[in-house]
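Structural features, examined
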Amino acid sequence: VGTLLVLGWLCLGAAIMRRLGRRCEPIVDGSWAALLGRLSAELKLDRSVRLLRSDHRSMPMAWGIFKPRLLLPAEASSWPADRRRVVLLHELAHIKRRDPLTQFITQIACALYWFNPLVWVAARRMVTEREQACDDLVLAAGSPACDYAGHVLQIASSLRTSRLVGAAAIAMARPSALEGRLLAILDDKRSRRALTRTA
């Protein structure tokens, strides 16, 4: 019963994201397409990403294991250029790291071992490390830490996403984990280097 409940939660979240993806309109604006192409080339992405705009105040998020999608809120068209860049870079980092796939595997593990609290602790920790890894990539790409922290704080305070959607998509900023994340962003002694393939 526990396994079925967790799997049901996952399936419901996936159905909501599928419906949301159909209701959103693709972003065909030239400036967004050019920025997406440039950042995808910088990250050496091997897959094309579909950029969508929601008509609601939705949190920026990425989802899709085989066909990645990136959702932006309706207000994104009024964002300054530096916010557009860091948001796209952060979400594309999730896609480059194949975080939608690792999130799906983690949720299957949680469904199978729902009775073990250490699995849930590990899953929560994975989310924290995943976000910090993407933040490190943005900062390593040249974004000033103070400016980036300000963008993350503004997005987290003005935009929301439901926990059900979070079961199937990777939202940019969760208010529950914001304090530790901002401290990590502003820590100038922290190494931002990515792991090598061997490591």
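The structure under discussion appears in the preceding block.
Computed from a prediction, not measured in an experiment: that's the story for all the values here. (Residues numbered from 1 in each chain as written. Predicted model: local features only at pLDDT ≥ 70, side-chain atom pairs only at ≥ 80, totals over all residues. Heavy atoms only, no water.)

A short note on helix 4 (residues 99-112)
Defined as follows: Helical segments are the DSSP runs of H or I of at least four residues, strand segments are the runs of E of at least two, and each set is numbered from the N terminus. The length a helix should cover is 1.5 Å for every residue beyond the first. Burial classification: accessible surface area is computed with a 1.4 Å probe over protein chains only, and a residue below 20% of its type maximum counts as buried, one above 50% as exposed, and the rest as partly exposed. Arc definition: it is the arc formed by the directions from the helix axis to the C-beta atoms.
An ideal rise of 1.5 Å per residue puts 20 Å on 14 residues; helix 4 measures up with 20 Å between its terminal C-alpha atoms. Considered for burial, the residues of helix 4 that qualify are Asp99, Pro100, Gln103, Thr106, Gln107, Cys110 and Ala111. Down the axis, helix 4 shows its buried residues gathered within 140 degrees of arc, on one side only.

Some details on the packing of helix 3 (residues 81-96) against helix 6 (residues 145-158)
Quick note on the threshold: Geometry is summarised by axes, namely lines fitted to C-alpha atoms with helices restricted to the contacting stretch, and by angles between N-to-C directions that run from 0 to 180 degrees. Note that the term roughly parallel is reserved for angles under 35 degrees, roughly antiparallel for angles over 145, roughly perpendicular for angles of 65 to 115, and oblique for everything else. In what follows, residue pairs with any heavy atoms lying within 4.5 Å of each other are defined as contacts. Here the term charged refers only to Asp, Glu, Lys and Arg, the term nonpolar to Ala, Val, Leu, Ile, Met, Phe, Trp, Tyr, Cys and Pro, and the term polar to all other amino acids, Gly among them.
Between helix 3 and helix 6, the least distance of the axes is 10 Å, while the angle of their chain directions is 80 degrees. Here helix 6 runs roughly perpendicular to helix 3, going by the angle between their axes. In this structure, helix 3 uses Asp82, Arg83, Val86, Val87 and His90 to contact helix 6, whose residues at the interface are Tyr148, His151, Gln154 and Ile155. Split by residue class, the contact of helix 3 with helix 6 holds four nonpolar, three polar and two charged.

Looking at the packing of helix 3 against helix 5 (residues 117-140)
Selection rule: Crossings are sorted by hand: turned counterclockwise from the far helix by less than a right angle, the near helix makes the crossing left-handed, and turned clockwise it makes it right-handed.
Where helix 3 contacts helix 5, the axes come no closer than 9 Å and their chain directions differ by 130 degrees. When the interaxial angle is binned, helix 3 and helix 5 end up oblique. The chirality of how helix 3 crosses helix 5 is right-handed. Contacts from Val86, Leu89, His90, Ala93 and His94 of helix 3 reach helix 5 at Arg130, Glu131, Cys134, Asp135, Leu137 and Val138. Grouping the constituent residues of the contact of helix 3 with helix 5 by class yields six nonpolar, two polar and three charged.

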